[in-house]
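Observations on the model geometry
As a plain string of letters, each chain reads:
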Amino acid sequence: MPTALTHRGLPLRVDFDEAGVVLRPLFLQPIPIAWEELEFIGLTPAMERHPDGWREKTYAVSHLMKDFRSTLATAGHLWVELVVRDRRPLVQRIEGRWTRAWLTTRLHPMLDASDQRKPDQSLLGLDLYRHRLNAPLDDLLDLMARRCRFDLVVHD
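Read on for a plain summary of the structure. (Residues numbered from 1 in each chain as written. Predicted model: local features only at pLDDT ≥ 70, side-chain atom pairs only at ≥ 80, totals over all residues. Heavy atoms only, no water.)

1. A word on helix H4 (residues 137-147)
All buried positions along H4 are accounted for by Leu137, Leu140, Leu141, Leu143 and Met144. In a view along the axis of H4, the buried residues occupy a sector of 160 degrees, so they form one face of it. (Buried < 20%, exposed > 50% of the residue type's maximum accessible area, 1.4 Å probe, protein only. Helix = DSSP H or I, 4+ residues; strand = E, 2+ residues; numbered from the N terminus. Arc of directions from axis to C-beta.)

So, in structure tokens, the structure goes:
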């Protein structure tokens, strides 16, 4: 397994390693986020660990058609949502006006159960594609599961 798992996309390269996640936007400075700064990670489709590797979570009751296939099954697309515990120190340590602006436009505030804004927690969504990773998807999911917990993000 490589030291850093890298997802290469044109506008954004994302490196995952034991220290955390490093966002590398095109023409901007890198943005490191330590695993300790993340509250949890949400995956769509939801994934679970099996002895032979990671698979999509199946539910006993589903309102989907029998032949439904997710974007992971059809295109290798996994939507990863990083929930940052406190966005303020993250934004403050970023140098460069354009890098800070890029990050703040992508950090979306979280709401609690009573729909009140939580000024500290933020959501950062990443589009990951299996064919753009430099390692198997199972290696990435194993790394994330070791360093952070998976949970559900509910969208309105």
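2. Focus on a nonpolar patch on the surface
Taken together, the side chains of Leu10, Leu26 and Phe27 present a nonpolar region at the surface, about 420 Å² in accessible area. Inspection of the secondary structure assignment puts Phe27 in the loop between strand E3 (20-25) and strand E4 (31-34). (Patch = residues over 30% accessible without salt bridge, like charges linked within 9 Å, V, L, I, M, F, W, Y side chains within 5 Å. Areas by Shrake-Rupley, 256 points an atom, 1.4 Å probe, with all protein chains shown as cover. Salt bridge = Lys/Arg side-chain N within 4 Å of Asp/Glu carboxyl O.)

3. Remarks on unusual backbone geometry
Pro45 follows Thr44 through a cis peptide bond whose omega is 0 degrees. Locating Pro45 in the fold gives a position in the loop between strand E5 (38-44) and strand E6 (47-50). Residues other than glycine seldom take positive phi values, yet Phe27 does so here, at roughly 70 degrees. We note that Asp115 has phi near 60 degrees; this positive angle belongs to a residue other than glycine. Note that Asp115 resides in the loop between strand E9 (108-111) and strand E10 (117-129).

4. Regarding the layout of surface pockets
Where empty space is left becomes clear once a probe the size of a water molecule has been rolled over the atoms. In this structure, the second largest pocket spans a volume of roughly 520 Å³. As for the second largest pocket, its lining consists of 21 residues, of which Met110, Leu111, Leu123, Val153 and Val154 are closest to the centre. Put simply, the parts of the chain that give the lining of the second largest pocket at least two residues each are E5, strand E8 (77-84), E9 and E10. Looking at the lining of the second largest pocket, the element that brings in the most residues is E10, giving five residues. Class assignment for the residues of the lining of the second largest pocket results in ten nonpolar, four polar and seven charged. (1 Å grid on protein atoms, 1.4 Å probe; cavity = no way out; pocket = protein on both sides within 12 Å on 5 of 7 lines; lining within 4 Å. Points joined across faces, edges and corners; volume = space filled by probe spheres on them. Nonpolar A, V, L, I, M, F, W, Y, C, P; charged D, E, K, R; others polar.)

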